Amino acid sequence: MTSTEQTVPELVDGLLDVRDLSVVYESPGAAPVQAVDHVSFTLKRGEFVGLVGESGSGKSTLGFALTRLQKPPARTNGGKIFFDGSDIRELDTEMLRKQRQGGFAMVLQSGMNALNPVRTIRNHFLDIFRAHGHVAPADREARAAELVRKVELEPSVLARYPGELSGGMRQRVSIALALSLEPQLMVFDEPTTALDVLVQHAVMDTIQALQKSENFTAILISHDLGIVLEATERVLVMHEGRIVEDGSSRDILERPQDNYTRMLLSHYADPRADVVELPGFPDRHARVAAGVTRAEAATSEPTVVTRSVRSADSAIVVDHVSKVYPPPRRGEKPVRALDDVSFTLEPGQSLALVGASGSGKSTLAKLVTGIEKPTEGTVRFGDVDVTRLRAKGLRDLRSNVQMVFQDPYAALNPLHTVEYTLSRPIHNMTDLRGDDARARLHELLETVGLTPTETFAQKLPHQLSGGQRQRVVIARALASDPQVLIADEPVSMLDVSLRAGVLALLEDLREKWGVSLLYITHDLLSARLVTDDIMVLHDGRVVERGVTADVLRNPQDDYTIRLLDAVPNPRRLREDVA
Amino acid sequence: MKYIAGKLGLFVLTLWAAVTLNFFLPRLMPGSPADAAIAKLSQNGPVTEATRAAIEAQLGVPDGSLWEQYLAYLRQVVTLDFGVSYTFYPQTVSSMVSTALPYTIILVGVVTIVAFILGTLIGVAAAWKRGTWLDSLPTLGGSFMSTFPYFWTALLLLFFAGYVLHWFPTTGAYSATTTPAFTPAFIGDALLHAALPALTILVTSLGGWIIGMRNAMINTLGDDYVTFAEANGLRGGTVAIRYAARNAILPNLTGFGLALGGVVGGSILVEQVFGYPGIGYLLFNAVIGQDYPLMQALFLMITVSVLVANFLVDILYGVLDPRTRR
């Protein structure tokens, strides 16, 4: 192979020069998919660049191609990647391996699983030092300790195994490991996505501080434009394998050129603002005051078919409830997941339950649905004491109180069609049979906006997008015609552009059908969009409650303020961005 | 250390439970060995009380309460005194078991361990070089070999390597001309005799280990910590052994424990075919000859060997997987 013109890029302070890069997925028995399509861009030394796109945009594929980590069926099928003057596509395996020290490093999305469970953290560092020999044996221990301190951990973690560390600590360790390579380029692939909101924020702060102090060039890959605009000085927007926009963070925010970028931006708002509006969601405060429904105010197609309103007639009353779990290991203290929590969900009301992970919000959902019994206190639904129900009573309760789960990818059996999934609750919880049952099934699909219903009924979960799957999950919850929907983080796994649609569906169900909604989330913006009242949980206690708009505009508790600060907000740019 | 102490305690407890069950289960059955012998005799005419007493005394049918019998039994178990064999009278059961046990443990035990280690290594190589001949050859060959019936492989080897080519002796654990002793001549002779049964076990069990390890390893190769290790530029060997294989072997240890536990009890077929005087051969003859003391001792040996194997694998887990130590 002789390349006729091997031009070395003429970039004075350039580090990375990507030209016409293409990556294709060639799965056996499937048509090839061009995941990255003739992408070109350059990176200057010391730059911190964001790479944003929704799922399937090719952003992670691009990240893996840049670091030569892609594995079959992915294959780079065109273009050049000049790193520090030479094309890394032409490196052989051993040269590539050596290049990883002092060259390019990568921090993976699920940093929690990026560490070998049977090796101590110290051994992870030693493996790297041994492989490259860039730290003298006598200095290795001190260097490892120094690196963990840089990511704000104690050197004592070196003796621990990954399983003994929290998710945030593990992600910090993998950042320290990548740093130990002394790379010129760091690629962060969704480094905080799997972490809790507050931890997410802290890890992002560490990454930003490190980028400044260590002065490496960095690419931050994320689905969240908010996080990226907050952290980086330049943003590449990726859509369907192409870079549709490349500009400074300020330009992207204030003068977006591409329609896709504009669409992404339109889905961000500050939950603290006086007026919060998203596509399809006119300001709730004004709208409710005027007695106008979302669908009317948005003058958009109503997502819910009109039908005779069957308003909820029973309130959920949670009265001084506590839940204590036995200690996770012998010799430890029992876990108090909920501590003296009381609230009432009136018929037709929508209540947000917010808090970070471990705040007890999911435990509360389990108590309300009767899956678990409280240690103290009572849960009532109308005149039924949920805590005393047995099998038969729980069945009746569940036809009235239904759950919508967080992960639409896990909540549907991959072997069953949508029709089968929906026909089970219709069969088990209603008296409808035969043609009536079939009619009900199609009505449900129409309700959640999956039309034409005949087509969707025959689909298997893997043939649906995340948003469509979550609609099926909601349709399943509606099958028994429940009075109350408990939605546990229903949009957190979905792409930003799909979230508004699912939220609109929940809001319309409440306004048009009179279903009450208990909305569990850590996402304060979505809480602002679909709930009347809010309750903030911290360590099992209610630390703040009130009208959603009031609490978010004027938070009193320190914890609520921390949660609000953790919301990614594109309008809060890096201070140093011109 | 606390982990090992806990596992040891559990081991002693299950051992006691197994020993106790071994005592009570036969006594829950109606009749006794003496009844069986008398029933046989009575077909030829009436049996006197004196004859019955003689038979009971000869068989050692116990007297005293069940509790006293139990204590006596426990004492016997601890002192390894299992009485006298019926079929090989007047040899004691313990002497017979102690002669047979080394042959089985050395033959089947060693071969099981070798098959596990060899199969695991080949499996690691196959997964690491996935898609090359290093993968397809052992994977195809392994699944082909593991479908051979045990006895068929044994007969094939006996016929070709034994009768036709005369490479190896076809029966016994050592030649009739040598006497068991720790001399180089005897050990060489014994190894030569062990070759065919060992090869049979190896051929039939190797494929399973290869395929099991290869599949487990392919799973761990897709894990994030392997990708991250590659991203950090670790050497290929380190990634393959310390990251991928080290984690892939963990689920296979359970299967290894089961195989190891089956060493003493699972050797009947191969020992019978090759006339190899191990535990399996002994058990076969004990069952045929209704030799109760011998059977009881052998069943106890089989139970204990399963428990010991499980205990060893538990300890191994503790060493290899830090998550189990907590």
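Residues numbered from 1 in each chain as written. Chains lettered and ligands numbered in written order. Predicted model: local features only at pLDDT ≥ 70, side-chain atom pairs only at ≥ 80, totals over all residues. Heavy atoms only, no water.

Caption draft 1: Structural view of the pairing of strand β8 (residues 217-222) of chain A. Residue and element names in this part refer to chain A. For β8, a buried count of six out of six residues is recorded, marking the element as mostly surrounded by other parts of the structure. Bridge count for strand β3 (residues 48-52) against β8 is five bridges, and the pairing is parallel. Paired with L51 across the bridge in β8 is I221. Judged from the five bridges that link them, strand β7 (residues 185-189) and β8 form a sheet pairing that is parallel. Within β8, the position partnered with L185 by the bridge is T217. (Buried < 20%, exposed > 50% of the residue type's maximum accessible area, 1.4 Å probe, protein only. Helix = DSSP H or I, 4+ residues; strand = E, 2+ residues; numbered from the N terminus. Pairing = 2+ DSSP bridges.)

Caption draft 2: Structural view of the interface of chain A and chain B. Counting residues at the interface gives 30 residues for chain A and 23 residues for chain B. For the pair chain A and chain B, the two sides together bury roughly 2,300 Å², of which 56% comes from carbon and sulfur. Counting the surface chain A buries against chain B, the share from its top three residues, A:K71, A:P117 and A:V118, is 22%. The tally of links from chain A across to chain B stands at two salt bridges. (Contact = heavy atoms within 4.5 Å. Buried area = accessible area lost by both parts, 1.4 Å probe. Salt bridge = Lys/Arg side-chain N within 4 Å of Asp/Glu carboxyl O.)

Caption draft 3: Structural view of the UniProt feature "transmembrane region" (unreviewed entry) in chain B. All names here are of chain B. The sites that UniProt annotates as "transmembrane region" (unreviewed entry) are residues 103-128, 149-170, 190-211, 253-274 and 294-320. This span, residues 190-211, is 100% helix and 0% strand, and a straight line between its end C-alpha atoms measures 32 Å. For residues 294-320, helix accounts for 100% and strand for 0%, while the C-alpha atoms at its two ends are 38 Å apart. (UniProt positions renumbered as here; feature names shortened; annotations may be inferred.)

Caption draft 4: A look at the sheet that holds strand β2 (residues 33-44) of chain A. Residue and element names in this part refer to chain A. Pairing is antiparallel in the open sheet, where four strands are placed in the order β2-β1-β4-β5. This sheet does not close on itself; its edge strands, each paired only once, are β2 and β5 (86-87). The sheet contact formed by strand β1 (residues 14-25) and strand β4 (residues 74-83) spans eight bridges and is antiparallel. Looking at the pairing, S22 lines up with G78 of β4. Of the strands in this sheet, β1, β2 and β4 are in contact with helix α1 (residues 59-66), which crosses β1 at around 120 degrees. (Axes fitted to C-alpha atoms, helices over the stretch in contact; angles between N-to-C directions.)

Caption draft 5: Broad picture of the domain arrangement of chain B. All names here are of chain B. Considered domain by domain, chain B is made up of domain 1 (2-78) and domain 2 (93-325). Taken together, the 14 residues of domain 1 in the interface contact 15 residues of domain 2. Approximately 1,300 Å² of surface area, both sides summed, lies buried where domain 1 meets domain 2, with 75% of it carried by carbon and sulfur atoms. On the domain 1 side of the contact with domain 2, Y3, F11 and N22 bury the most area, a combined 44% of that side's loss. For the pair domain 1 and domain 2, the number of links is one salt bridge. Measuring nitrogen to oxygen at the nearest pair gives 3.8 Å for the salt bridge that ties D314 to K7. Between the two partners, domain 1 and domain 2, sit one residue pair in polar contact (both at pLDDT 80 or more). Secondary-structure elements contributing two or more residues to the side of domain 1 that touches domain 2 are α1 (2-28) and α4 (66-78). Ranked by residue count, the leading element in the side of domain 1 that touches domain 2 is α1, at 11 residues. (Domains from an automatic or database assignment. Polar contact = N/O pair within 3.5 Å; in protein donor to acceptor, adjacent residues only side chain to side chain.)

Caption draft 6: Molecular detail of the domain arrangement of chain A. Residues and elements named next belong to chain A. Looking at chain A, the domain boundaries give domain 1 (14-266) and domain 2 (296-315 + 348-566). Here the C-alpha centre of domain 2 lies 36 Å away from the C-alpha centre of domain 1. Both sides together, the interface formed by domain 1 and domain 2 hides about 950 Å², and carbon and sulfur atoms give 58% of it. Contact with domain 2 buries area across many residues of domain 1, yet E54, V197 and L198 alone supply 51% of it, more than any other trio. Remark: the boundary between domain 1 and domain 2 carries zero salt bridges. For the pair domain 1 and domain 2, the interface holds one residue pair in polar contact (both at pLDDT 80 or more). No other element matches the three residues that helix α6 (residues 197-214) contributes to the side of domain 1 that touches domain 2. Considering only residue class, the side of domain 1 that touches domain 2 consists of three nonpolar, three polar and two charged. (Nonpolar A, V, L, I, M, F, W, Y, C, P; charged D, E, K, R; others polar.)

Caption draft 7: Geometry of the confidence of the model for chain A. Residue and element names in this part refer to chain A. Overall, the prediction assigns chain A a mean pLDDT of 84, with 93% of residues at 70 or greater. Confidence scores differ between elements of chain A, with helix α11 (residues 294-298) showing the lowest mean pLDDT of 73 and helix α3 (residues 121-132) the highest of 93. Here residues 1-9 is modelled with pLDDT under 50, and outside its nearest four sequence neighbours on either side it reaches 10 contacts, counting other chains as well. (pLDDT = per-residue confidence, 0-100.)

Caption draft 8: Inspection of a nonpolar patch on the surface at higher detail. Residues and elements named next belong to chain B. Together, F151, W152, L155, L156, F159, F160, Y163, V164, L165, W167 and L269 make up a nonpolar patch on the protein surface, roughly 1,200 Å² of accessible area in all. Along the chain, the position of F160 falls in helix α7 (residues 150-164). By relative accessible area, F160 is classed as partly exposed at 45%. (Patch = residues over 30% accessible without salt bridge, like charges linked within 9 Å, V, L, I, M, F, W, Y side chains within 5 Å. Areas by Shrake-Rupley, 256 points an atom, 1.4 Å probe, with all protein chains shown as cover.)

Caption draft 9: Quick peek at the sheet that holds strand β15 (residues 384-385) of chain A. Residue and element names in this part refer to chain A. In spatial order, the strands read β12-β11-β14-β15; together these four strands make up an open sheet with antiparallel pairing. At either end of the open sheet lies a strand with only one pairing partner, and these are β12 (335-345) and β15. Here strand β14 (residues 376-381) runs beside β15; their pairing, made up of two bridges, is antiparallel. Looking at β15, one finds that R380 is bridged to D385. Packed on one face of the sheet, helix α12 (residues 361-368) meets β11 (316-325), β12 and β14 and runs near 120 degrees to β11.

Caption draft 10: Highlighting unusual backbone geometry. The peptide bond linking A:P72 to A:P73 adopts the cis configuration, its omega dihedral lying at 5 degrees. Within the fold, A:P73 resides in the loop between α1 and β4. Despite not being glycine, A:D481 shows a phi value in the positive range, around 55 degrees. Its place among the elements puts A:D481 in the loop between α17 (466-478) and β17 (484-488). A positive phi angle, close to 55 degrees, is found at B:H166, a residue other than glycine. Looking at B:H166, the relative accessible area reads 61%, which means it is exposed.

Caption draft 11: Summary view of the packing of aromatic side chains. Following the criterion strictly, the structure yields 16 aromatic pairs over all chains and no others. Taken together, a centroid distance of 5.0 Å and an interplanar angle of 85 degrees make the contact between B:F116 and B:W209 edge-to-face. Residue B:F116 is found in helix α5 (residues 93-128), and its partner B:W209 is found in helix α8 (residues 184-221); the two are separated by 93 residues along the sequence. Just as B:F116 is buried, B:W209 falls in that class too. Following the ring pairs from residue to residue traces out a cluster consisting of B:F23, B:F24, B:W67, B:Y70 and B:Y73. One Lys or Arg, A:K459, reaches over the ring of A:F456 and ends 5.8 Å from the middle of that ring. (Phe/Tyr/Trp six-rings, centres within 6.5 Å; stacked < 30°, edge-to-face > 60°. Lys NZ or Arg CZ within 6 Å of the ring centre and 35° of its normal.)

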